[in-house]
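So the chains spell out like this:
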Amino acid sequence: MAGSMAGMTAVICTYPLDMVRVRLAFQVKGEHTYTGIIHAFRTIYAKEGGFLGFYRGLMPTILGMAPYAGVSFFTFGTLKSVGLSHAPTLLGRPSSDNPNVLVLKTHINLLCGGVAGAIAQTISYPFDVTRRRMQLGTVLPEFEKCLTMWETMKYVYGHHGIRKGLYRGLSLNYIRCIPSQAVAFTTYELMKQFFHLN
């Protein structure tokens, strides 16, 4: 629950920046709707409903972030707990801040973090696809069919199916997500030791 709430709070605070990033990244050579970041903010504000225009696609992001963060933290915690209880000498070592507490060895930490990230990403990925399509909004020719989260998911599934629609690009996302989560969880565990929290 704590992981989910932290993730959702971060998303809500940074969502307008992500919206502008997606719009700028989607621009094709020679067809520039926006001349820069400030122009993108002004244009979206003026033409897409003011402040609310920056939050187009927020609902699938929130609905995807909750399971992503929650499953990620839960999976890591479960892998850590099971590993340390079933193979403490193979997978664990005494914590540097409290020798009575076992922690995962660094390479095992990386592995567990990567697995947690892959599982969480797989579960929440259809929401990510939906979010991106909604963020692009008026840039896409079929935008009027993708105004709500459910319309967008229905459209993607109906036209492209599950594998080539709702999970399109997942393998590329693993390349970013797995190392990112592996490093994040390992850093988290090392910082707990550094600040004597074990």
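Being a predicted model, the structure only gives us computed values, none of them experimental. (Residues numbered from 1 in each chain as written. Predicted model: local features only at pLDDT ≥ 70, side-chain atom pairs only at ≥ 80, totals over all residues. Heavy atoms only, no water.)

Draft legend 1. Looking closely at the overall build of the protein. Helix and strand content of the protein: eight helices and two strands. For the protein, the succession of helices and strands along the chain, N to C, is α-α-α-α-β-β-α-α-α-α. Dimensions along the principal axes, computed over C-alpha positions, put the protein at roughly 60 × 35 × 30 Å. In the protein, which comprises 198 residues, the share counted as buried stands at 44%. (Helix = DSSP H or I, 4+ residues; strand = E, 2+ residues; numbered from the N terminus. Buried < 20%, exposed > 50% of the residue type's maximum accessible area, 1.4 Å probe, protein only.)

Draft legend 2. Spatial organisation of the nonpolar core. Judged by nonpolar contacts, the single largest core of 18 residues is most densely connected at Ile-44, Leu-58 and Met-65. Within the residue set of this core, elements represented by two or more residues are helix H1 (2-26), helix H2 (37-47) and helix H3 (58-86). Per-element accounting of this core gives the leading share, six residues, to H3. Summarising the domain contributions, this core has at least three residues from each of domain 1 (1-55) and domain 2 (57-195). Excluding its chain neighbours within four sequence positions, the residues that come into contact with Met-65 are Gly-7, Met-8, Val-11 and Gly-70. Judged by nonpolar contacts, the second largest core, of eight residues, contains Leu-84, Leu-104, Ala-116 and Phe-185. (Core = buried A, V, L, I, M, F, W, Y, C linked by side-chain atoms within 4.5 Å. Domains from an automatic or database assignment. Contact = heavy atoms within 4.5 Å.)

Draft legend 3. Expanded view of the environment of Thr-186. When you line up the elements, Thr-186 lands in helix H8 (residues 170-194). Along the sequence, Thr-186 and Pro-67 sit 119 residues apart, while their C-alpha atoms lie 21 Å from each other. Those residues in contact with Thr-186 that sit more than four places away from it in its chain are Thr-106, Asn-109 and Leu-110. In terms of polar contacts, Thr-186 uses its side chain to reach the backbone carbonyl oxygen of Ala-182, at 2.8 Å. (Polar contact = N/O pair within 3.5 Å; in protein donor to acceptor, adjacent residues only side chain to side chain.)

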